[in-house]
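Coordinates in review
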Amino acid sequence: MWVGASQLMDREPRMFDNILAFAERHGITPYESGVRQPEDLTRFLKLCKKHGIEQTWIEIGPREQNTGDATAEEFVKHPDRREPTLERFRKLARAYKAVYPDFARITIFDEAPLGAFARTDGGYLSDFQDFKRYGPRAFAYMYKAFKSVMPQAEIGIFMHHPHNASPSTAGDYSYIGEFMQSCDSLNAVPDFIFSDVYRGYFNRGYGVEATNDYIRDVVDYTGKVADQHGVNHYQLGQVHTIKLGYTPSRRQIDTNIDAMLDGKPDGIGWYWPNYASTNYKKSGSDRTPRDEGYDVSFDPFVPNAWGRIGPAGSLYGTSRDRFTYSYLSILESVGMLHPAEKFDLYLYGHDFDHTEHGLYLKSKTDDQWEFIGYFNPQQDRDAYLESARSKYIYSYNDKWHALVFHGLDRKRFIDTVDNEVRLTFKITTPEGSDTSRITGVYAMPYRKTRHYKTEGEITRLIESHPRWMEINSIATHVRPKAAELKDGRVFTGSATSGSGAN
């Protein structure tokens, strides 16, 4: 899971806690590309450790803020141009080892040759040739610098397609096989191959099936190359909105997973920020919105408005239904999520603002409160408008709405006492809250992604079919009069089988 820590740790720490808690619950490895300095890495790793995450993954590269970027040739030929990077890598290795002494996974480069070294004057083809000539030796320098401090670290290569595609597909642009062989001759063969394909750049021109075929080709070919060297291969897919304003549909998310899995990768995941707003005008540097109602994406769940985090906002913040659906769909597809062992928790109330309240469930195994997440409303339509107050940009402000936490563990949280099913919850509210109200907490059977309902749909279900909710729930806490979630207070309660409020 690409998490965007460099943006979220400072600007949205509670939302970042939510993302890490989701990752820990589902056995997902957080991946961070923006950590350059040891102190930032230490902070990221300690936050992961705090949430009980066992494995972490970072991406680093040779670009230096103080000395300026070097070309691949300069990096290889001039020790003074590479030594600042190598020393930074050694410092990062010491920081990593101090927090996670037994495991580290490191990606070098970001879509090489694009995200590797300073660009040459000859355009992309010149950059590619420069990387072919000097890239393997440059990689070897960085690989050995990190491993000199932490030899147990897994260090891999992130090369951009079409350089990871097969020769039959990419012709002379296919390069990952040659790169791995060159690194092997330098005693620095990457421990894994990392690839990405964002289908939105192909889907419109070539269609769904041809795009899926291309994804299969990349994953399959990198797998064959990885097997030759006895290493793993991982694939990153697109669920975010790319710069063209393209958002994958639900079907395209599903077929993207199928196409990636057809290549038998050792792991798959998604990128983290939306890069454009759904209501986006491509021409014009000011990114002014189109006429009301214009939608340039297929928008499977919630449109993307220009948010506070990243170019158009964290996927978790702006389009959480899409975020949740895409990861749950992967987990179901690879057998890491068993519906009979999980449940979904619906909370229904009034005026839930951005990360305003924290939810905890009592674990029946150790009788301790376990953090589940902060209330994290997605953007509603009113927040798309340019005049919307920034504090409501991720808010269900002044309206009745449902929030959902998906895929929680039944054995851990749902107890049976004297033939009564019970789920004990706690909701915290920080100082400065403008007070929310809550009338319903519903523990519901886990709903498979093929039956996935958005928070808007669940809101209408609760409001229109209360009897259905009661009959089909595992446990409920329904109040005839709303309880107030007040400034600085803690609200506790229990959802039970068929008992209503208690």
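Only a predicted model underlies this, so the values are computations on that prediction, with no experimental measurement involved. (Residues numbered from 1 in each chain as written. Predicted model: local features only at pLDDT ≥ 70, side-chain atom pairs only at ≥ 80, totals over all residues. Heavy atoms only, no water.)

Our focus in this paragraph is the nonpolar core. Core analysis: the biggest nonpolar cluster contains 108 residues, and Phe44, Tyr96, Phe109 and Phe146 have the highest contact counts within it. When near neighbours in sequence (up to four residues on either side) are disregarded, Phe109 contacts Glu59, Ile60, Gly61, Pro62, Gly115, Ala116, Phe117, Phe131, Phe139, Met142, Ile157 and Phe158. (Core = buried A, V, L, I, M, F, W, Y, C linked by side-chain atoms within 4.5 Å. Buried < 20%, exposed > 50% of the residue type's maximum accessible area, 1.4 Å probe, protein only. Contact = heavy atoms within 4.5 Å.)

To continue, consider empty space enclosed by the protein. For the structure shown, the criterion picks out 3 cavities of 30 Å³ or more. Considered as a void within the structure, the largest cavity measures approximately 120 Å³ in volume. Phe22, Arg25, Tyr316, Arg320, Thr324, Tyr374, Phe375, Asn376, Leu403, Val404, Phe405 and His406 are the residues that line the largest cavity. Going through the elements one at a time, helix 2 (13-26), helix 13 (320-333) and strand 11 (396-409) are the ones with two or more residues in the lining of the largest cavity. Size it by volume and the second largest cavity reaches roughly 70 Å³. What lines the second largest cavity is Ala72, Pro113, Ala116, Phe117, Ala118, Arg119, Thr120, Asp127, Asp130 and Phe131. Here the lining of the second largest cavity takes 3 residues from helix 6 (residues 124-149), the largest share from any one element. Its residues assigned to classes, the lining of the second largest cavity comprises 6 nonpolar, 1 polar and 3 charged. (1 Å grid on protein atoms, 1.4 Å probe; cavity = no way out; pocket = protein on both sides within 12 Å on 5 of 7 lines; lining within 4 Å. Points joined across faces, edges and corners; volume = space filled by probe spheres on them. Helix = DSSP H or I, 4+ residues; strand = E, 2+ residues; numbered from the N terminus. Nonpolar A, V, L, I, M, F, W, Y, C, P; charged D, E, K, R; others polar.)

Attention shifts here to the pairing of strand 8 (residues 342-352). With respect to burial, strand 8 is a largely interior element, 11 of its 11 residues being buried. Alignment of strand 8 against strand 11, held across 9 bridges, turns out to be antiparallel. Opposite Tyr346, over in strand 11, you have Val404 as the bridge partner. One ladder, built from 8 bridges, connects strand 8 with strand 14 (residues 436-445); its direction is antiparallel. Across the sheet, His350 pairs through a bridge with Arg437, a residue of strand 14. (Pairing = 2+ DSSP bridges.)

For the structure shown, the criterion picks out 37 aromatic pairs. For the pair Tyr325 and Tyr452, a centre-to-centre distance of 5.6 Å together with 85 degrees between the ring planes defines the contact as edge-to-face. Taken as a pair, Tyr325 in helix 13 and Tyr452 in the loop between strand 14 and helix 15 (455-464) lie far apart in primary sequence, 127 residues in all. Note on Tyr452: relative accessible area 4%, which makes it buried. An aromatic cluster of three or more residues is present, and its members are Trp2, Tyr31, Trp57, Phe158, Phe192, Phe194, Tyr198, Tyr234, Tyr271 and Tyr275. (Phe/Tyr/Trp six-rings, centres within 6.5 Å; stacked < 30°, edge-to-face > 60°.)

Tallying each qualifying case throughout the model produces 20 salt bridges. Here Arg94 ties to Glu87 by a salt bridge, and the two come within 3.5 Å at their closest N and O atoms. When its relative accessible area of 28% is taken as the criterion, Glu87 is described as partly exposed. With its nearest N and O atoms 2.8 Å apart, the salt bridge here joins Glu455 to Arg320. With Glu455 in helix 15 and Arg320 in helix 13, this pair connects stretches of sequence that are 135 residues apart. Within the structure, one salt-bridge network assembled from shared partners comprises Glu83, Glu87, Arg90 and Arg94. (Salt bridge = Lys/Arg side-chain N within 4 Å of Asp/Glu carboxyl O.)

Below, the discussion takes up the sheet that holds strand 2 (residues 57-60). Reading across the sheet, the 7 strands line up as 1-2-3-4-5-6-7 and stay open at both edges, with parallel pairing between neighbours. With one partner strand each, in any of the chains shown, strand 1 (31-32) and strand 7 (267-270) form the two edges of the open sheet. Judged from the 2 bridges that link them, strand 1 and strand 2 form a sheet pairing that is parallel. Bridging from a neighbouring strand, Tyr31 pairs with Trp57 of strand 2. Against the sheet, helix 5 (residues 79-99) engages strand 2 and strand 3 (105-112), with an angle of about 170 degrees to strand 2. (Axes fitted to C-alpha atoms, helices over the stretch in contact; angles between N-to-C directions.)

With 14 residues, helix 2 extends 20 Å from end C-alpha to end C-alpha; this agrees with the ideal 20 Å at 1.5 Å per step. Burial of helix 2 is extensive: 11 of the 14 residues sit out of reach of the surface. For helix 2, the full list of buried residues reads Met15, Phe16, Asp17, Asn18, Ile19, Leu20, Ala21, Phe22, Ala23, Arg25 and His26. Directly beyond the C-terminal end of helix 2, a positive phi value near 65 degrees is found at Gly27. (Expected span 1.5 Å × (residues − 1).)

Counted residue by residue, strand 14 has 8 buried out of 10 residues, so it is predominantly covered. As defined by bridge partners, strand 14 adjoins strand 15 (residues 475-485) across 7 bridges and the pair is classed as antiparallel. Residue pairing in the sheet places Val441 in a bridge with His477 of strand 15.

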